[in-house]
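The residues making up each chain are set out below.
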Amino acid sequence: MSEAAFEEVSVLSSIYCREGEFQLIQQAAQDGLMVQINSTVGGQRGLDVSLLFHLHPRYPSCPPAISVSSTGLSRTQCHNIRQKLLDQAAALPPEPMVHQLVEGLQCVQVTEKGRGAEEEVKEREEEEQWTAVLSLDHIRSRNRYISLLRRWSQQLQLNGTILLGRSILVILQGARPNIKEFCRLLKTVKVDVDSSGKKCKERMMKVLIESPSSPSCGHGLQGFVEKSYESLAELSAAFQEINMTELYQQILPSLSD
């Protein structure tokens, strides 16, 4: 991680020093830094937004990854703000830029005008609850791996369960874009170690099934839970406990491969 990035994070913690305004989420030489800054957007309107900046180990040579969330804005509005920040970051020179990006929010105009029917339909779909079952290849550094999965599920407002046995399964429930972001993180962040002990990414992750949730599906999913099983009967019981027996039947052929 560059010295410039560490210095910038130190400066940011001094600038955004009010309670709940700044948080260092992650600090790792291999994965980079992740900081959360709570700010406002739209000038005098003062709508609250939460900004998550993932600073790659090569930052500021490459721009940060950015996520935007807000209880006062729609998903489409958050997406548009994120895209504006990404465009601005791409246009800036390779220098520390997080504070400049946050300050630039004051000039962003937030409106609902101009939204077409197609965009509104897309937003409604994004607000639906989806369920996905992922298959992981292996877990060697168990505490680190599961700790990261739990942290991502909290940040992305997903409920989930990881089932550890002959097959390693992760059940997720929440907004579809958030599930997709969870999968992206799995494949791009070093979450585990390989057979030689080197940190590695989850490149072999597979999505076994992804579909809109039925009203009763996943009724027992709360937070992010870790469970172990020793047989298919115990695995079936785990799915039954969270009202996902039908889902289990659909993925069972994949588990027999």
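Along every chain, residues carry numbers that run from 1 in the direction the sequence is written. For a predicted model such as this one, the threshold for reporting local features is a pLDDT of at least 70, and the threshold for listing and counting side-chain atom pairs is 80 or more; totals across whole chains, interfaces and linings nevertheless cover every residue. Side-chain numbers come from the whole structure's heavy atoms, not from hydrogens or water.

Trainee: It is not clear to me how the overall build of the protein chain should be interpreted in this structure. Could you clarify?
Mentor: Tallying secondary structure elements over the protein chain gives 8 helices and 11 strands in all. Each residue is assigned to one of three classes by its accessible area relative to the maximum for its type, calculated with a 1.4 Å probe on protein chains only: buried under 20%, partly exposed between the two thresholds, exposed over 50%. In the protein chain, buried positions account for 44% of the 257 residues. Contact definition: two residues touch when any of their heavy atoms are within 4.5 Å. Taking contacts inside the protein chain between residues at least 6 apart in sequence as the whole, the part at least 24 apart equals 63%. On the protein chain, roughly 13,900 Å² of surface is accessible, and the fraction owed to carbon and sulfur atoms is 47%. In DSSP terms, a helix is any run of H or I states spanning at least four residues, a strand is any run of E spanning at least two, and both are numbered starting from the N terminus. Accessible areas in this description were obtained via Shrake-Rupley with a 1.4 Å probe; residue shielding takes into account the shown protein chains only.

Trainee: How should unusual backbone geometry be read in this particular structure?
Mentor: Most peptide bonds take the trans configuration, and most residues that are not glycine carry a negative phi. Residue Pro-60 is bonded to the preceding Tyr-59 through a cis peptide linkage, with omega at 10°. Structurally, Pro-60 can be placed in the loop between strand S3 (47-55) and strand S4 (65-69). Even without a glycine there, the phi angle at Gln-157 is positive, about 55°. Mapped onto the secondary structure, Gln-157 falls in the loop between helix H5 (142-155) and strand S6 (159-164).

Trainee: What exactly am I supposed to notice about the sheet that holds strand S11 (residues 224-228) here?
Mentor: Across a sheet, strands are paired by hydrogen bonds formed along the backbone, either parallel or antiparallel in direction. Pairing between strands is defined by DSSP: at least two bridges between the two strands are required. Pairing in this open sheet of 5 strands is mixed, and the strands run S10-S5-S7-S6-S11 from one edge to the other. The open sheet has two free edges, formed respectively by strand S10 (206-212) and S11, since each of these has just one partner strand. Between one strand and the next, the sheet's axes are offset by a mean angle of 15°, whatever the strand orientation. In terms of strand pairing, strand S5 (residues 129-136) meets strand S7 (residues 168-175) through 8 bridges, oriented antiparallel. To define axes, lines are fitted to C-alpha atoms, for helices over the stretch in contact only, and angles between the resulting N-to-C directions are given on a 0 to 180 degree scale.

Trainee: For this particular structure, what's the right way to read H5?
Mentor: Taking 1.5 Å per residue, 14 residues should reach 20 Å; H5 reaches 20 Å between its end C-alpha atoms and fits that length. Within the span of H5, buried status applies to Tyr-145, Ile-146, Leu-148, Leu-149, Trp-152 and Ser-153. Taken down its axis, H5 places every buried residue within 155° of arc, on the same side. Facing away from the buried surface of H5 by more than 90 degrees, the exposed residues are Asn-143 and Gln-154. Looking one or two residues beyond H5, the residue adopting positive phi is Gln-157, at roughly 55°. A helix's residues, less one, multiplied by 1.5 Å, set its expected span. To be clear, the arc concerns the directions from the helix axis to the C-beta atoms.

Trainee: Is there a simple way to think about the nonpolar core in this case?
Mentor: As a rule of thumb, soluble globular proteins bury nonpolar side chains together. The biggest cluster of nonpolar side chains holds 28 residues, and the ones touching the most others in it are Ile-37, Leu-51, Phe-53, Leu-85, Val-98 and Leu-101. In this view, Val-98 contacts Glu-8, Leu-12, Ile-37, Phe-53, Leu-55 and Tyr-59; residues no more than four positions away in its chain are not counted. Core analysis: the next-biggest nonpolar cluster, separate from the first, contains 26 residues, Ile-139, Trp-152, Ile-168 and Val-170 among them. As used here, the term nonpolar core means buried Ala, Val, Leu, Ile, Met, Phe, Trp, Tyr and Cys residues forming a set that is joined through side-chain atoms within 4.5 Å.

Trainee: What should I look at first to understand the packing of helix H7 (residues 232-241) against helix H8 (residues 245-255) in this one?
Mentor: How two helices sit against one another is set out by the angle between their axes and by the gap between those axes. It is at 9 Å that the axes of H7 and H8 come closest, and there the two elements cross at 145°. Remark: the crossing between H7 and H8 carries right-handed chirality. Of H8, the residues touching H7 (which contributes Leu-232, Leu-235, Ser-236, Phe-239 and Gln-240) are Thr-245, Tyr-248, Ile-251, Leu-252 and Leu-255. Throughout this entry, Asp, Glu, Lys and Arg are counted as charged residues, while Ala, Val, Leu, Ile, Met, Phe, Trp, Tyr, Cys and Pro are counted as nonpolar. The remaining residues, Gly among them, count as polar. In terms of residue class, the contact of H7 with H8 is made up of 7 nonpolar, 3 polar and no charged. The crossing is said to be left-handed when, going from far helix to near helix, the turn is anticlockwise and less than a right angle, and right-handed when the turn is clockwise.

Trainee: Explain the sheet that holds strand S2 (residues 32-41) to me, please; I cannot follow it from the model alone.
Mentor: Taken together, the 4 strands give an open sheet; going across it, the order is S1-S2-S3-S4, and neighbouring strands pair in antiparallel fashion. Each of the sheet's edge strands pairs with one partner strand only, and the pair in question is strand S1 (22-28) and S4. The mean angle between the axes of side-by-side strands here comes to 20°, regardless of whether they run parallel or antiparallel. As paired elements, S2 and S3 share 9 bridges and run antiparallel to each other. Each bridged residue has a counterpart across the sheet, and for Met-34 the counterpart in S3 is His-54. Seen against the sheet, H5 touches S1, S2 and S3 and runs at an angle of roughly 150° to S1.

Trainee: Would you explain the confidence of the model for the protein chain in this entry?
Mentor: Low pLDDT means the predicted atomic positions in that stretch should not be read closely. The predicted model of the protein chain averages 83 in pLDDT, with 86% of residues at 70 or higher. The pLDDT value expresses, per residue, how confident the predictor is, ranging between 0 and 100. When the elements of the protein chain are averaged for pLDDT, helix H4 (residues 117-127) gives the smallest value, 51, and S6 the largest, 92. Taken together, the stretch residues 113-118 has pLDDT below 50 and engages in 3 contacts with residues farther than four places along the chain or on a different chain.

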